[in-house]
Amino acid sequence: HAGIIQAFSELEDQLDVLIVDTAAGIGEMVTSFVSAVHEVIVVVCDEPTSITDAYALMKVASQEFGVRRFRILINMVRTEQEAKAVFAKLIRVTDRFLDVALQYVGWVPFDDHLRKAVQRQKPVFEASPTAPAARAFRELAEQVDRWPLPSGPRGHLEFFVEQLVGAGSA
């Protein structure tokens, strides 16, 4: 957490939205963030391990931290129909075993431009602005920008981070 706290202290502008990309799974760092954030976007691929990891995260987050809504982004698929089929798989298992609501927020296509951008250590929307993955990220960003901003912290680490960011911008 010390690295994150340091990163917040270096921010110069006030934030409306902060997106944190965590590792897959349900490690301590991942669950710390899930317990603190207003919105959880779970990124899922059409692979059994990815679906299992997503399910495990949602189970822990709902049972241990009271998270009831998860936004789902499907990654590395070729078509939107494929993305919606992956989402349907996830819905079937969560509807059966968990008391959570899932919201489909979109999909990121399998795109060789993304792999090349990562190799060049550049964001895909900078390296290849017209690439399908770049368009998908822009659409997701526009959607996130329309989500209502929370009125206050939900608790735990989030309260600490909001106090830190608020103190830095005063």
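Residues numbered from 1 in each chain as written. Predicted model: local features only at pLDDT ≥ 70, side-chain atom pairs only at ≥ 80, totals over all residues. Heavy atoms only, no water.

A.B. asks: Tell me what's going on with the sheet that holds strand E2 (residues 69-77), and back it up with residues and numbers.
C.D. replies: The strand order across the open sheet formed by 3 strands is E1-E2-E3, and the pairing between neighbours is parallel. The outermost strands of the open sheet, each flanked by one partner alone, are strand E1 (41-44) and strand E3 (101-109). The sheet shows a mean angle of 25 degrees between the axes of neighbouring strands, direction not considered. Of the pairings in the sheet, the one linking E2 to E3 comprises 8 bridges and is parallel in character. Each residue of the ladder has a partner; that of isoleucine 72, found in E3, is tyrosine 104. In this fold helix H3 (residues 48-65) packs onto E1, E2 and E3, with an angle of close to 160 degrees to the strand it touches most, E1. (Pairing = 2+ DSSP bridges. Helix = DSSP H or I, 4+ residues; strand = E, 2+ residues; numbered from the N terminus. Axes fitted to C-alpha atoms, helices over the stretch in contact; angles between N-to-C directions. Contact = heavy atoms within 4.5 Å.)

A.B. asks: With reference to specific residues and values, describe the side chain of serine 50.
C.D. replies: With respect to the secondary-structure elements, serine 50 resides in helix H3. Assessed through its relative accessible area of 13%, serine 50 is described here as buried. Within the structure, the side chain of serine 50 is placed 2.8 Å from the backbone nitrogen of cysteine 45, a separation counted as a polar contact. With residues near it in sequence (within four places) discarded, serine 50 still touches Val43, Val44 and Cys45. (Buried < 20%, exposed > 50% of the residue type's maximum accessible area, 1.4 Å probe, protein only. Polar contact = N/O pair within 3.5 Å; in protein donor to acceptor, adjacent residues only side chain to side chain.)

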